[in-house]
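Now for the letters of each chain:
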Amino acid sequence: MNNMCLKPIRLFDDDKGGGIRCLQCCRRCLIATGNTGFCGTVYNDKGTLYTLIYGLVASSAVDPIEKKPVYHYKPGSECFSVGSLGCNFRCKFCQNWQISYSKPSKNDHEELRYMSPEAFVRYAIRSKCSGVAWTYNEPSIWAEYTIDCAKLCKESGLYTVYVTNGYATTEHLDAIGPYLDVYRVDIKSLSSEFYRKLAGAADVDSILNGTIHIKQKWNAHVECVTNVIPGWNDSDNDLKGIATWIVDNLGSNTPWHVTRFFPNAQMQNVPITPESTIINAINIEKETGIKYVYAGNINLPDGGNTYCPKCGNLCIERKGYYTNILSLNNNGCCPNDNEALNVIL
């Protein structure tokens, strides 16, 4: 392990029970000397907690922001996207399981590279990106690095995006909040049982409360994603429940991406989500009042387009990751009726 990837973490609490409690994510692991937390990336060395993945990049790419997916923030722009190793979940359907299941303390990762925050920002600017995203694995276990990078990004005029499972603590959200523009969060279900069985996480309330917190306190732009898995979260009650929660707690203008499940990781025996289920999820907007529902991982006519909910004007056309802004005022409103679309240009 590159020594540059080792750095004391700032989010911790001394515990009189013989360990130190990590406060990066809602697991709040109590870590004894010589041990790591659940994610395998935080290590207690004689009473000091260290991150093992500071600047350790496992995957990187220049992506359209729509790939995150984020549709209502700087549409058509590109962002420099990076991820590291490990996760605080163990989702049985994870599409990036090769890196998210990996633990740097137990594996040899000489092929991975170190990227300092300064180099991270330089690369984003050199690649002519408008912003950056921490994605591929879970950024809430990478707090030391993401916070340091985010501060430099704001100084350089780059927007910042968390692509997250939402399990960051309020302490973490308050540390990154002043420098974070977009919070793209998975709302996999409103059932804690779903999270326990399929993600290895204790509850959903921490995710919901954290999402409300980052929006209300730090005014982050929030977009939600639900990967619709047959037999697990695809019923009308499941989908209506999520849409209603978004409307009631985040606002009806909050984009909701319903994505098609494909067999992956430990759920190879579960079928692909039927097209009819995704169409049904999109139609739920008529019953719940959520204004912007987008189809992901599936090619549906109009499934990615943004229409004015008042007059029906096609404002943003999307084909794959190609985005064409057809009809928007500079303030992100429909020019026909000045309806605000919650689009930040």
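Please read these numbers as outputs of a predicted model, since none were measured by experiment. (Residues numbered from 1 in each chain as written. Predicted model: local features only at pLDDT ≥ 70, side-chain atom pairs only at ≥ 80, totals over all residues. Heavy atoms only, no water.)

*Asks:* Tell me what's going on with the sheet that holds strand 4 (residues 30-32), and back it up with residues and numbers.
*Replies:* Pairing within the open sheet is antiparallel, and its three strands lie in the order 2-3-4. Of all the strands in the sheet, the pair left with one neighbour each is strand 2 (12-15) and strand 4. Averaged over all pairs of adjacent strands, the angle between their axes in this sheet comes to 30°, without regard to strand direction. Strand direction decides the pairing type here: strand 3 (residues 19-22) and strand 4, joined by three bridges, are antiparallel. Considered in strand 4, the bridge of G19 is made with A32. (Pairing = 2+ DSSP bridges. Helix = DSSP H or I, 4+ residues; strand = E, 2+ residues; numbered from the N terminus. Axes fitted to C-alpha atoms, helices over the stretch in contact; angles between N-to-C directions.)

*Asks:* Pulling in residues and values, what's your account of the environment of T244?
*Replies:* Within the element layout of this structure, T244 appears in helix 7 (residues 236-249). With 46 residues separating them along the chain, T244 and I290 place their C-alpha atoms 7.5 Å apart.

*Asks:* If you had to explain the packing of aromatic side chains to someone new, which residues and values would you point to?
*Replies:* Under the counting rule described, the total for this entry stands at 15 aromatic pairs. Residues W134 and Y162 carry aromatic rings whose centres are separated by 6.0 Å and whose planes lie at 85° to one another, so their mutual orientation is edge-to-face. One end of the pair, W134, is in strand 11 (residues 131-134); the other, Y162, is in strand 12 (residues 159-164), and 28 residues separate them in sequence. By relative accessible area, W134 is classed as buried at 0%. Note on Y162: relative accessible area 0%, which makes it buried. Ring centres of F194 and Y195 lie 5.8 Å apart, and the angle between their planes is 70°; this geometry places the pair in the edge-to-face category. (Phe/Tyr/Trp six-rings, centres within 6.5 Å; stacked < 30°, edge-to-face > 60°. Buried < 20%, exposed > 50% of the residue type's maximum accessible area, 1.4 Å probe, protein only.)

*Asks:* Which residues make up the nonpolar core, and what values go with them?
*Replies:* Considering soluble globular proteins, one finds that nonpolar side chains tend to be buried as a cluster. In this structure, F89, F120, W134, Y183 and W256 are the most contacted members of the largest nonpolar core, which totals 89 residues. Residues in contact with F89, not counting those within four places in the same chain, are R27, F38, N165, Y167, K188, Y195, A199, A201 and I207. Grouped together as the second largest cluster of nonpolar side chains are ten residues, Y292, C334, L341 and V343 included. (Core = buried A, V, L, I, M, F, W, Y, C linked by side-chain atoms within 4.5 Å. Contact = heavy atoms within 4.5 Å.)

*Asks:* Which residues make up the pairing of strand 12, and what are the values?
*Replies:* With respect to burial, strand 12 is a largely interior element, six of its six residues being buried. Burial along strand 12 is two-sided: Y159, V161 and V163 and T160, Y162 and T164, pointing in opposite directions, are all buried. Taken together, the four bridges between strand 11 and strand 12 define a ladder with parallel strand orientation. Paired with W134 across the two strands is Y162, which belongs to strand 12.

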